[in-house]
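Structural overview for review
Listed here are the chains, written in short residue letters.
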Amino acid sequence: MVVSIEDEGAARTGEGHVAAGWLVEPDRVVVPDPPPGLLDGSLEVAVVLAGGGSPVERIAPAEVNAVRVAGAEFAVLDLASASRHAPNAVMPEPVVLEAAIAAHGGDVRAAFEAAGTGGPVRPGDRACAKHNIVNCARCP
């Protein structure tokens, strides 16, 4: 599954993609590299979820939150409605995430990937049903 954060002003033209994220709960998306304007509310976005044989979904965020851990910042979007897609990542425990961010010099994307989220999904990637992680390193 692909989770695309799209600028509502440009999304309909096919050029709206501004960031990738992970669906960590049916109604919550984490964006490790928030684009300018997302956290201050000046950028109006929709979350587009596609793949896995399910229809493409376009869901507006009900709330956008800035999360700061170990000196790094990322966005957590609470969706206006739950996705029909299964989550493609797991939100790491705060202590694990904090250690991973510190170990990766503040690089939130690398920290999430090291902490077991698997990273944003590319076409052809598969989710591990046992651990709910895309391209799970713990599974063969």
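Parameters and conventions
- Residues numbered from 1 in each chain as written.
- Predicted model: local features only at pLDDT ≥ 70, side-chain atom pairs only at ≥ 80, totals over all residues.
- Heavy atoms only, no water.
- Pairing = 2+ DSSP bridges.
- Helix = DSSP H or I, 4+ residues; strand = E, 2+ residues; numbered from the N terminus.
- Axes fitted to C-alpha atoms, helices over the stretch in contact; angles between N-to-C directions.
- Buried < 20%, exposed > 50% of the residue type's maximum accessible area, 1.4 Å probe, protein only.
- Contact = heavy atoms within 4.5 Å.
- pLDDT = per-residue confidence, 0-100.
- Polar contact = N/O pair within 3.5 Å; in protein donor to acceptor, adjacent residues only side chain to side chain.

Time to look at the sheet that holds strand E4 (residues 28-31). Pairing is antiparallel across the open sheet formed by four strands, whose spatial order is E3-E4-E8-E7. Strands at the two margins of the open sheet, each flanked by one partner only, are strand E3 (22-25) and strand E7 (61-69). Neighbour to neighbour, the strand axes of the sheet diverge by 30° on average, direction disregarded. For E7 and strand E8 (residues 72-79), the ladder comprises eight bridges, and the chain directions are antiparallel. Looking at E8, one finds that Val-69 is bridged to Ala-72.

The next thing to look at is the environment of Ala-66. Relative to the helices and strands, Ala-66 is located in strand E7. Judged by its relative accessible area of 34%, Ala-66 is partly exposed. Separated by 35 residues in the primary sequence, Ala-66 and Val-31 place their C-alpha atoms 9.7 Å from one another. Once you skip the residues sitting within four places of it in the chain, Ala-66 turns out to touch Leu-39, Glu-73 and Phe-74.

Taken as a whole, the protein shows an average pLDDT of 82; of its residues, 79% reach a score of 70 or greater. Confidence over residues 131-135 falls short of pLDDT 50; this stretch has 26 contacts with residues more than four positions distant or in other chains.

By the element assignment, Glu-6 lies in strand E1 (residues 2-7). Residue classification places Glu-6 among the buried residues on the basis of a relative accessible area of 14%. Of the polar contacts made by the side chain of Glu-6, one reaches the side chain of Ser-4; its length is 3.2 Å.

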